[in-house]
Amino acid sequence: MASFAVKTPQRDYWVYVERGILARASDYLPQGAGKIFVVTTSDVWELHRARLEPALSRGSDEVLFLPGGEERKRLVHVETLAEEMVRKGGDRSSVVIAFGGGIVNDMAGFLAAIFMRGIPVMQVPTTLLAQVDASIGGKTSVNLTEGKNLIGSFHQPLAVLIDPDVLATLPEREYRAGLYEVIKCGVIRSMPLFRLLADCRDAVLAKDPGVVDRIITESVRIKAEVVSADERESGLRRILNFGHTFGHALETETRYERFLHGEAVAFGMRAATVLAREIGQIAAMPATEILSVVERYGPIPSFDGLSAEHLVSRLVKDKKTIHGQVHFVLPRQIGEVTVVSGIEESAVLSAIRSVLA
Ligand code: GLY
């Protein structure tokens, strides 16, 4: 088992990476916890209930279902589940187990954050993307039509339990979408991780267990370190947004229907790398390597019909835009990024156009 400490002003907790750990999930619940609400989707529950059920043998636990899909990551569904929790006897001693992919992690985390002004949540991610990113660090949210994750709060979990075995049934497209977040971790902070992804593509895509465990543990190590240094994203944590600013604009512009989040991040990493090269933040050679690795884990859906101008106007509405200034996370070399603002709109347009072409 690998475990990584996350230390934040709100809460200190552990992220565990271990095959088979879900059967022992109850070991990580607080003594005296009241009713446990497992929040999941019907497909995740059908696929993986047998892994979690041994830990839920108390009889009084409840399973609540969210609709899947980024376009349904809306406040109304959080409210519906909160009403259900009250009807089923939820109170301040209740605990939420967020059991699913990134959307479930974000929504169930937000539900826990606001239910009776806050109850604990345990994160149990079942997609690669959620395991290496969404489940760690306490970000919880829902979308608005105006933009992604525009309502939410920081609500650090009790613990994060990551079982790489659940990835065996993950559809290939979703697995590759998660790999883009792993590539992000390599570009922002780990040359060895980047090299592993560049050199062992076939083993990574074949879900070779040894390689999968390595990419997950290295990504989790990075995420835990960054969040521990900066819980509220006032400094270092901004590097985790590499690819996300452009990616969120793409997701919002396509109404969350065409691209998975990880695929939008792939677009965003390409746009950010082209922009960094164009404004002289990164040399041509490492930029080409980043672009090549991102493309080799593709394809992603087509960009047909998308306008660079519309995407730029979306960028300004991102929640990372402050006083109208968009902050871009740009690579300087493999393993190091920097945050830059005040970039000419013409350079941003040109980078987006080159990726859309
Ligand atoms: N997904 C980026 C972060 O957790 O800060």
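Above this note sits the structure.
Since this is a predicted model, take the numbers as computed values, not measurements.

Examining the site of the ligand
And then number 1: Around the ligand, the neighbouring residues are Asp 133, Lys 139, Lys 223, Glu 233, Arg 237 and Leu 240.
And then number 2: Between the ligand and Asp 133, the relevant distance is 2.9 Å, taken from a nitrogen atom to a side-chain nitrogen or oxygen of the residue.
And then number 3: The side chain of Lys 139 places a nitrogen or oxygen atom 2.9 Å from an oxygen atom of the ligand.
And then number 4: Surface burial for the ligand is 91%, taken as the share of its 200 Å² of free accessible area covered by protein chains.
And then number 5: Tallied by class, residues from the shell around the ligand come to one nonpolar, no polar and five charged.

Considerations on helix 11 (residues 284-296)
And then number 1: With 13 residues, helix 11 extends 18 Å between its outermost C-alpha atoms, agreeing within 8% with the 18 Å of an ideal straight helix rising 1.5 Å per residue.
And then number 2: By the burial criterion, the buried members of helix 11 are Pro 286, Ala 287, Ile 290, Leu 291, Val 293 and Val 294. Mapping the buried residues of helix 11 onto a view down its axis gives an arc of 165 degrees, with all of them on the same face.
And then number 3: Residues of helix 11 that are buried in the fold lie against helix 5 (172-189), helix 6 (191-199), helix 10 (261-278) and strand 10 (328-333).

Regarding the nonpolar core
And then number 1: In terms of nonpolar packing, the biggest core is built from 104 residues, with Leu 161, Phe 246, Phe 267 and Ile 352 touching the most fellow members.
And then number 2: A per-element tally of this core places helix 10 first, with 10 residues.
And then number 3: Leaving out residues up to four positions away in the same chain, Phe 267 has contacts with Phe 246, Leu 250, Ile 300, Phe 303, Leu 311, Ile 352, Val 355 and Leu 356.
And then number 4: By size, the runner-up hydrophobic cluster in this structure holds 20 residues, among which are Leu 64, Leu 111, Ala 112 and Val 142.

What to know about the packing of helix 10 against helix 11
And then number 1: Interhelical geometry of helix 10 versus helix 11 gives an angle of 165 degrees and a closest axis separation of 10 Å. If you check the angle between helix 10 and helix 11, you find them roughly antiparallel. Read as a crossing pair, helix 10 and helix 11 show a hand that is left-handed. Residues Ala 266, Met 269, Arg 270, Thr 273, Val 274 and Arg 277 of helix 10 form the contact with helix 11, whose participating residues are Ala 284, Ala 287, Ile 290, Leu 291, Val 294 and Glu 295.
And then number 2: For the contact of helix 10 with helix 11, the class distribution of residues is eight nonpolar, one polar and three charged.

Reading guide: rules and limits
- Sequence positions are assigned chain by chain, starting from 1 and proceeding in written order.
- Residue-level local features of this predicted model are given only where pLDDT is at least 70; pairs of side-chain atoms are given and counted only at 80 or more, and the full residue set underlies all totals for whole chains, interfaces and linings.
- Where side-chain values are given, they derive from all heavy atoms of the structure, hydrogens and water being excluded.
- Only heavy atoms are used to decide nearness, and a residue is near a molecule or strand if one of them lies within 4 Å of it.
- Between N or O atoms, a polar contact is any pair within 3.5 Å; within protein, one atom must be a potential hydrogen donor and the other a potential acceptor, and residues adjacent in sequence are included only when both atoms are from side chains.
- Accessibility throughout is a Shrake-Rupley quantity obtained with a 1.4 Å probe, and a residue counts as covered only by protein chains that appear here.
- We call Asp, Glu, Lys and Arg charged. Ala, Val, Leu, Ile, Met, Phe, Trp, Tyr, Cys and Pro are nonpolar, and the rest, Gly among them, are polar.
- We count a stretch as a helix when DSSP gives it H or I for four or more residues in a row; a strand needs E for two or more, and each element gets its number in order from the N terminus.
- Given a helix with a known number of residues, its expected span is that number minus one, times 1.5 Å.
- Buried residues are those whose accessible area, probed at 1.4 Å on protein chains only, stays under 20% of the maximum for their type, while exposed residues exceed 50% and partly exposed ones sit between those limits.
- The directions from the helix axis to the C-beta atoms form the arc being described.
- We call two residues in contact whenever any of their non-hydrogen atoms come within 4.5 Å of each other.
- Definition of nonpolar core: a set of buried residues of the types Ala, Val, Leu, Ile, Met, Phe, Trp, Tyr and Cys, connected through side-chain atoms within 4.5 Å.
- The axes used here are C-alpha line fits, helices contributing only the stretch in contact, and every angle between their N-to-C directions lies in the interval 0 to 180 degrees.
- Throughout, the term roughly parallel applies to angles under 35 degrees, roughly antiparallel to angles over 145, roughly perpendicular to angles from 65 to 115, and oblique to all others.
- In this scheme the crossing of two helices becomes right-handed for a clockwise turn of the near helix relative to the far one and left-handed for an anticlockwise turn of less than a right angle.

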